[in-house]
Amino acid sequence: MNTTTPLIEARGINKHFGAVTALEDVNLSLMPGEVLGVVGDNGAGKSTLMKILAGLYPPSRGQLIVQGQPVHFSSPKDARDRGIEMVYQDLALAGNLRIDENIFLGREHTRRLLGVVPIVHHQANMKQAQEHLERLRIQVKSVGQRVEELSGGQRQAVAIARATAFDAKVIIMDEPTAALAIKEVRKVLDLIKDLRTHGIGVILISHRLDDIFYVCDRVMALFHGRNFAEAPLGRTDRNEVIGWIMGNRSQTASAQELDLN
Amino acid sequence: MAEQITELSETKRAESLRVRLIPYIDRYGVLLLVLVMGITSYILEPEVFLTWRNVSNIFRQIAFNAVLALGEFVVIVTAGIDLSVGSTLALAMMATAVLSKAGYSVPILLIVPFIVGATVGIINGLGLTKLRLPHPFIMTLGMLNIARGATNLISGGVPISGLPDPVRWMGASDIKLGEGIEIPASLLVVAISYIIVGLFLHYARTGRHIYAIGGNPQAARVSGINVDRTLILVYGLCGTLAGLSGLLLAGRTNSGFPNAGLGQELDAISAVIIGGASFFGGRGSVLGVFAGALVIGLLRNILNLQNVPVFWQQVLIGVVIISVVYLDVLRRRAGSSNS
């Protein structure tokens, strides 16, 4: 893998919902092993942009480029096939199904009954889910538990396990720590650091600046559906980022932005 | 102080026992109900109830509702509802009778109810996914009327009786297992359809996706499951089983009549709910649904044997539905307060 080619790049993304413009000419790029924090006020367009990257919405205008190749996603399946996974804010888990079934939902291992009929290989799914959870150092009583029986942190872990189960290159996380207890927050953030060491790119949306400053390499701010500012973490600070979220750009920040371009 | 602690831990143990019992009640509660009803029936009518004749009669009577409920169950697992199954049954039955009268051959007559049922079901599925109607209730309520109207249109609103024997076989004949031991062919049809649908739901990828859609449609969608296509398949399957149900009823009554299955969708839904499926989707098993159909059948049987008027039967079935679901609510409340 070329480390100078971005894993994913969005160029000039526009998105309209009827008469409402959610995104206008937004750019984003993510390098291998990079953790990019995306901040912005409610309605700034963060979630919409992520859903476009994950294939849930088509952009109204603009281009997505995955590892140098222009792509067009018509469903989340297309994005997943390209190694782009998303952990949704509401987790998008089916509470009535087992942990392993959620991890492998839509990508179940099958075996052939009598050599013809494909059937779900429940044992293989459970075994591999178990191994995968152990790799991520996530503890659950049993992968046979239904997701509705789990705590908030465990559910979050299952959602992340699903995103990482199949060789993902980019993992997008929308507010992964919003619903967690403090102890669990640290676990999730350490997990993100772990992913980075494997060359996976992570895009993290968070309202918690603690999270952003603990784990990110770079932070970008959206404001009213537009790129507002961005900087490597070492060249900005909390107050400045808070300013970006509110729509205030300090002199230094604009200078940095010019610098980047 | 020490005593207090033991006391506390004991209540805790009792509670955890209750919690541990919950999954079993969840799974086997309705079978318990069947057992209780069987024993009650036996005590009330020791001479008649357990005779082979009466038992096979019960199964013969519940067969078409059991098949109808099976299709309805798959729909309800997706958190949907199909109100049109009673009318679909009638249309399939009537189409068979009309074509039989017109002199079509037996193989065609045996295929027609399935084609009619599948077509109606697929139209339901297309309607609710492609037209984006707000709830399956709307599409299938419309179809309830359309299919019933079509049934009257193709028959002129009059019954047609007399069907060829091979067409009647599934609904009417008995399979001799030994001296004086015969099982209705319809019971065999019920058993085979339940086993196939049960295995499909548990082992096919699509089967698991059906449960996922019922649990969280958004989760299914972002996991790359084609939700619309799966729903069309589900309503198609439901319609196909309604067609089979129509064939069974046609066989049993040796006719097609335009009012067949009037209101039957409600009995099918009742069986599904009594059987422990959740109206909100994602929950339930085929075994439960069969038990649900059996509960309704047993209730009707014992009330008939006791000469209870049919209107009272209806009242009692209503009471059973409400009681069973209320017990479920209590169970869930007990479960959540302890977890």
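Data block above holds the structure.
Rules used throughout
- Residues numbered from 1 in each chain as written.
- Chains lettered and ligands numbered in written order.
- Predicted model: local features only at pLDDT ≥ 70, side-chain atom pairs only at ≥ 80, totals over all residues.
- Heavy atoms only, no water.
- Patch = residues over 30% accessible without salt bridge, like charges linked within 9 Å, V, L, I, M, F, W, Y side chains within 5 Å.
- Areas by Shrake-Rupley, 256 points an atom, 1.4 Å probe, with all protein chains shown as cover.
- Salt bridge = Lys/Arg side-chain N within 4 Å of Asp/Glu carboxyl O.
- Helix = DSSP H or I, 4+ residues; strand = E, 2+ residues; numbered from the N terminus.
- Buried < 20%, exposed > 50% of the residue type's maximum accessible area, 1.4 Å probe, protein only.
- Expected span 1.5 Å × (residues − 1).
- Bend = angle between axes of the 7 residues up to and from the residue.
- Pairing = 2+ DSSP bridges.
- Axes fitted to C-alpha atoms, helices over the stretch in contact; angles between N-to-C directions.
- Contact = heavy atoms within 4.5 Å.
- Phe/Tyr/Trp six-rings, centres within 6.5 Å; stacked < 30°, edge-to-face > 60°.
- Lys NZ or Arg CZ within 6 Å of the ring centre and 35° of its normal.
- Buried area = accessible area lost by both parts, 1.4 Å probe.
- Nonpolar A, V, L, I, M, F, W, Y, C, P; charged D, E, K, R; others polar.

Here we come to a nonpolar patch on the surface. Residue and element names in this part refer to chain B. Where nonpolar side chains cluster on the molecular surface, the patch consists of Leu 35, Ile 39, Tyr 42, Ile 43 and Leu 50 and spans about 540 Å² of accessible area. By secondary structure assignment, the location of Leu 35 is in helix α1 (residues 2-44). We classify Leu 35 as exposed; its relative accessible area is 55%.

In this section: helix α11 (residues 264-274) of chain B. Across the eleven residues of α11(B), ten count as buried, placing the element largely inside the fold. Buried within α11(B) we find B:Gln264, B:Glu265, B:Asp267, B:Ala268, B:Ile269, B:Ser270, B:Ala271, B:Val272, B:Ile273 and B:Ile274.

Now for helix α2 (residues 52-77) of chain B. Residue and element names in this part refer to chain B. Compared with an ideal rise of 1.5 Å per residue, which puts 26 residues at 38 Å, α2 spans 35 Å between its outermost C-alpha atoms and is within 8% of the ideal. In the structure, α2 departs most strongly from a straight axis at Ile 62, where the bend amounts to approximately 45°. A large share of α2 lies buried, amounting to 21 of its 26 residues. Positive backbone phi, approximately 70°, marks Ala 79, located one or two places after α2.

Here the focus is the sheet that holds strand β4 (residues 61-66) of chain A. Hydrogen bonds between backbone atoms are what pair the strands of a sheet, whose relative direction is either parallel or antiparallel. All names here are of chain A. The antiparallel open sheet is built from four strands, whose spatial order is β2-β1-β4-β5. In this open sheet, the two edge strands, each paired with only one partner strand, are β2 (20-30) and β5 (69-71). For this sheet the average axis-to-axis angle between neighbouring strands, irrespective of direction, equals 30°. Summarising the sheet, β4 and β5 pair through three bridges and their orientation is antiparallel. Looking at the pairing, Ile 65 lines up with Pro 70 of β5. Against the sheet, helix α1 (residues 46-53) makes contact with β1 (8-17), β2 and β4, and its axis sits at roughly 60° relative to β2, the strand it touches most.

What follows is about the packing of aromatic side chains. Here the distance between the centres and the angle between the planes together describe a pair of aromatic rings. Taken as a whole and assessed by the stated rule, the structure comprises five aromatic pairs over all chains. On the numbers, 5.8 Å between centres and 90° between planes, the contact of A:Phe104 with A:Phe166 is edge-to-face. Linking A:Phe104 in the loop between α3 (99-103) and β7 (110-113) with A:Phe166 in the loop between α5 (152-164) and β9 (170-174), this pair joins segments that are 62 residues apart in sequence. Residue classification places A:Phe104 among the buried residues on the basis of a relative accessible area of 3%. The class of A:Phe166 is partly exposed, set by a relative accessible area of 29%. Taken together, a centroid distance of 5.3 Å and an interplanar angle of 50° make the contact between A:Phe223 and A:Phe228 tilted. Since its relative accessible area comes to 22%, A:Phe223 is described here as partly exposed. Residue A:Phe228 is classed as buried on the basis of its relative accessible area of 9%. Every member of this aromatic cluster is reached through a ring pair, and the members are B:Phe59, B:Tyr194 and B:Phe290. Its end group placed over the ring of A:Tyr214, A:Lys193 keeps NZ or CZ at 4.0 Å from the ring centre. Here the basic side chain of B:Arg208 rests over the ring of B:Tyr211, its NZ or CZ set 5.0 Å away from the ring centre.

Size of an interface, as often reported, equals the accessible area lost when the parts are brought together. Contact with chain B, which involves 20 residues of that partner, is made by 22 residues of chain A. Ranking the residues of chain B by area buried against chain A places B:Tyr203, B:Arg205 and B:Val222 at the top, with a combined share of 32%. Taken together, chain B and chain A are joined by three salt bridges. Residue assignment for the side of chain B that touches chain A shows that the elements contributing at least two residues are α7 (185-203), α8 (205-215) and α9 (217-222) of chain B. No other element matches α8(B), which puts six residues into the side of chain B that touches chain A. Here the residues of the side of chain B that touches chain A are counted per class, giving eight nonpolar, eight polar and four charged.

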